[in-house]
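Descriptive analysis of the structure
Each chain, letter by letter, is given below.
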Amino acid sequence: MRKLLFTLFLLFTSFGYAQDIQLDKLEMYYDQGHYKIVKRRAERLLDNPEYDNSLVPGYYVAVSSIALFQDKKWKKRHEDALDKSFSYLMGLKTTDKGIDVIERHIYELRSLQRDLTDWANDLKLQKEEQTFEKVNQFIEKFYASGQLNNDAVEEQLEETNSQLKDSLQPVEDLDISVQQKIIAETAREQLGVPYAWAGTTPKGFDCSGYTSFVYKQVNIELPRRAQDQHSVAKKVKAKNVEVGDLVFFKKGSSINHVGIVISMNNGSIQMIHASSSIGISIVDIYASKYWEQRLHSFGRML
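Residues numbered from 1 in each chain as written. Predicted model: local features only at pLDDT ≥ 70, side-chain atom pairs only at ≥ 80, totals over all residues. Heavy atoms only, no water.

Thoughts on the overall build of the chain
Counting its regular elements, the chain contains 13 helices and eight strands. For the chain, the residues scored as buried account for 47% of the 302 residues in total. Taking the contacts inside the chain whose residues are at least 6 apart along the sequence as the reference set, 59% of them involve residues at least 24 apart. Carbon and sulfur atoms make up 50% of the accessible area of the chain, which amounts to about 15,800 Å² in all. (Helix = DSSP H or I, 4+ residues; strand = E, 2+ residues; numbered from the N terminus. Buried < 20%, exposed > 50% of the residue type's maximum accessible area, 1.4 Å probe, protein only. Contact = heavy atoms within 4.5 Å. Areas by Shrake-Rupley, 256 points an atom, 1.4 Å probe, with all protein chains shown as cover.)

Written as C-alpha cells, this is what we have:
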C-alpha cells in the first residue's frame, strides 16, 4: 500500500512539474517573439485532455495569433484569427479563472497594449479602417478597467521620464553638429505633447509623425511610416550611434515603432519618442525590458 501511494505521489508531482514546464515554455517562447512556435505548442496542449481545465493554452493561442496576424501573408491564411483571439481574451474577463489568467500575465498584456496601439496607428496610416476599428475597439474595451488599467504604470513612466529629462546635458554643451543640435533641441521642445492616432503636429504625435516633424526642421523629409523610415535610413551599429540617429523596434515581422536617440549615458542609450501611454517622453532603451526585447536597429539620415 505504501509503495502504491509513493508511486501515485511520484506520478502526481511529475505530472504537475511537466505541466508547469510546458506552460513556462509557452511564456518563454512568447517573450522571445517565437509566435509560430507558441501557437503550435499551445494548440497541441489544447488537444491534450490533461489541459482541459487550463485556460492558459487558449490564452497563448490568442496572443500569439494577434502577433502573427500583423504579417500580411499569415493574415491571408487565417482571416478569422483576429476575431477569435479578441473574443477569447474578452471572455477571460467574465470568469474568476479567466481573471486569474489575466492577472498572472499582466506584464505580457500591458506590453500587448502598446504593441496593439502602434499596430493600430499603422493600420490607420495605411487606411485599413476595418481592421483599425477592430483593434481600437478591443483596446478600449479590454483595457478599460481593473488590473489592466495603466494608471500606475503611467505614473511610473512619467517619473522615470522626468528623471531622464533632468539628466540631459544642455544642447549647447553637446559636441555635435549644428543639424544634430537642431534635432535635439526640437525633439526636447515637444516633451509632454500627447500621443495621437496618425498625429503629425505639436497638438499630438504618433511615433513616425514625431520623427518626421523633428527632421523636417533640418529640411529632411522622412517617409510617413516607421517601416518606410527604416528602409531609407543608413544602418548604424549600436557602438557608433550618435544623437539624432533613429532607433527602430520590431514586433513580429515588421518595424512598428521609431524614436530618436537623444543621449548616451552610463553605457546605455536614451531615446525620445511618442509613447502611446504618456506622449512624447524619454526612455532608456537598455533599462526597459519591453524596449530592449523589441530593439531592431539604428539608422542615420544626416
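That was the structure; now back to the text.
Regarding the packing of helix 2 (residues 35–46) against helix 3 (residues 56–69)
Close contact between helix 2 and helix 3 brings their axes to 8 Å; oriented N to C, the two are set at 150 degrees. As judged from the angle between their axes, helix 2 and helix 3 are roughly antiparallel. Where helix 2 crosses over helix 3, the handedness of that crossing is left-handed. Between helix 2 and helix 3, the contacting residues are Y35, K36, V38, K39, A42, E43, L45 and L46 on the first element and P57, G58, Y60, V61, S64, S65, A67 and L68 on the second. Within the contact of helix 2 with helix 3, the residues separate by chemical class into 10 nonpolar, three polar and three charged. (Axes fitted to C-alpha atoms, helices over the stretch in contact; angles between N-to-C directions. Parallel < 35°, antiparallel > 145°, perpendicular 65-115°, else oblique. Left-handed = near helix turned anticlockwise from the far one by under 90°. Nonpolar A, V, L, I, M, F, W, Y, C, P; charged D, E, K, R; others polar.)

As for the packing of helix 3 against helix 7 (residues 106–125)
Close contact between helix 3 and helix 7 brings their axes to 11 Å; oriented N to C, the two are set at 25 degrees. In terms of their interaxial angle, helix 3 and helix 7 are classed as roughly parallel. With respect to the hand of their crossing, helix 3 and helix 7 are arranged in left-handed fashion. Along its contact with helix 3, which presents Y59, Y60, V63, I66 and F69, the element helix 7 presents E108, L109, L112, L116 and W119. Residues that form the contact of helix 3 with helix 7 fall into these classes: nine nonpolar, no polar and one charged.

What about the environment of Y290?
Its place among the elements puts Y290 in helix 13 (residues 289–294). With 179 residues separating them along the chain, Y290 and S111 place their C-alpha atoms 6.9 Å apart. If we skip the residues at most four places from it in the chain, Y290 touches Y107, S111, R114 and D115. Separated by 2.6 Å, the side chains of Y290 and D115 make a polar contact. (Polar contact = N/O pair within 3.5 Å; in protein donor to acceptor, adjacent residues only side chain to side chain.)

Here's the deal with the sheet that holds strand 3 (residues 234–236)
Read from one edge of the open sheet, six strands run 3-8-4-5-6-7, paired in antiparallel fashion. At either margin of the open sheet sits one strand with a lone partner, and together these are strand 3 and strand 7 (279–284). Ignoring strand direction, the axes of neighbouring strands in this sheet form an average angle of 40 degrees. (Pairing = 2+ DSSP bridges.)

A look at helix 6 (residues 96–104)
Restricting attention to buried positions, one finds in helix 6 the residues G98, V101 and I102. The buried residues of helix 6 occupy one face: seen down the axis, they fall within an arc of 100 degrees. Residues D96 and R104 are exposed on helix 6 and point more than 90 degrees away from its buried face. Residues of helix 6 that are buried in the fold lie against helix 3, helix 5 (81–92), helix 7 and helix 8 (129–142). (Arc of directions from axis to C-beta.)

Without other data, these values stay purely geometric and don't point to any function.
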